Amino acid sequence: ALRPWALAGGGTYLFTVTARARDGSGATAAAAAAVAVNAAPFGGTIAVAPASAPAVLGRFALRAVGWTDSEAGDLPLSYAFAAAPIPAGAAAESALAFVADGAPLSFDGGAQAAAVS
């Protein structure tokens, strides 16, 4: 089994499966597949406005600016933002994370709003 994120983006990997007969005949069969792993988008930033207002106390906007992808078939890019509680002792930046599944931005209290472009 592969660990999550074990394959480097932009790489190509060859996976081979070999089966051996259990009847003692020594017969084998094999199959192989080359898998290309997409590289991550690059070159952009995430802007938060206003930068100094606590998100749970007021409205704020998130904006993804300048991102591109080396594979034209992956464009245009789409974005999803999510929020999570800050674990005790963690940096405040860990409260906001990019997620790939399109989960909505939401909080368990306080005013909330998000603008994504």
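Predicted model only: the values in this text are computed from it and were never measured. (Residues numbered from 1 in each chain as written. Predicted model: local features only at pLDDT ≥ 70, side-chain atom pairs only at ≥ 80, totals over all residues. Heavy atoms only, no water.)

Visitor: Sorry if this is basic, but what is going on with the overall build of the protein here?
Guide: For the protein, the count of helices and strands is zero helices and six strands. For the protein, the sequential pattern of α-helices and β-strands runs β-β-β-β-β-β. A buried classification covers 12% of the 117 residues belonging to the protein. Surface summary for the protein: the accessible area is close to 8600 Å², and the carbon and sulfur share equals 60%. (Helix = DSSP H or I, 4+ residues; strand = E, 2+ residues; numbered from the N terminus. Buried < 20%, exposed > 50% of the residue type's maximum accessible area, 1.4 Å probe, protein only. Areas by Shrake-Rupley, 256 points an atom, 1.4 Å probe, with all protein chains shown as cover.)

Visitor: Sorry if this is basic, but what is going on with the environment of G44 here?
Guide: Topologically, G44 is positioned in the loop between β2 (28-36) and β3 (45-49). Sequence-wise, G44 and V65 are 21 residues apart; in three dimensions their C-alpha atoms are separated by 5.4 Å. If we ignore the near neighbours within four places in the chain, the residues touching G44 are V65, G66 and W67. (Contact = heavy atoms within 4.5 Å.)

Visitor: Just checking my understanding: could you explain a nonpolar patch on the surface for this structure?
Guide: A cluster of nonpolar side chains, L2, F15 and V35, forms an exposed patch at the surface whose accessible area comes to about 240 Å². Of note, F15 is situated in strand β1 (residues 12-20). (Patch = residues over 30% accessible without salt bridge, like charges linked within 9 Å, V, L, I, M, F, W, Y side chains within 5 Å. Salt bridge = Lys/Arg side-chain N within 4 Å of Asp/Glu carboxyl O.)

Visitor: For this particular structure, what's the right way to read the confidence of the model for the protein?
Guide: Detailed reading of predicted coordinates is not advised where the pLDDT is low. Of the residues in the protein, 65% have a pLDDT of 70 or more, and the chain-wide mean is 73. Per-element confidence in the protein is highest for β2, whose mean pLDDT is 96, and lowest for strand β6 (residues 96-98), whose mean pLDDT is 42. Considering only residues more than four positions removed or in separate chains, one finds that residues 94-117, a stretch of pLDDT under 50, has 55 contacts. (pLDDT = per-residue confidence, 0-100.)

Visitor: Would you mind showing me how to read the pairing of β1 here?
Guide: The side chains of a regular strand alternate, residue by residue, between the two faces of the sheet. Among the nine residues in β1, zero count as buried, and that is only a small part of the element. Pairing of β1 with β2 involves nine bridges; the strand directions are antiparallel. Across the sheet, the residue bridging to Y13 is V35, located in β2. (Pairing = 2+ DSSP bridges.)

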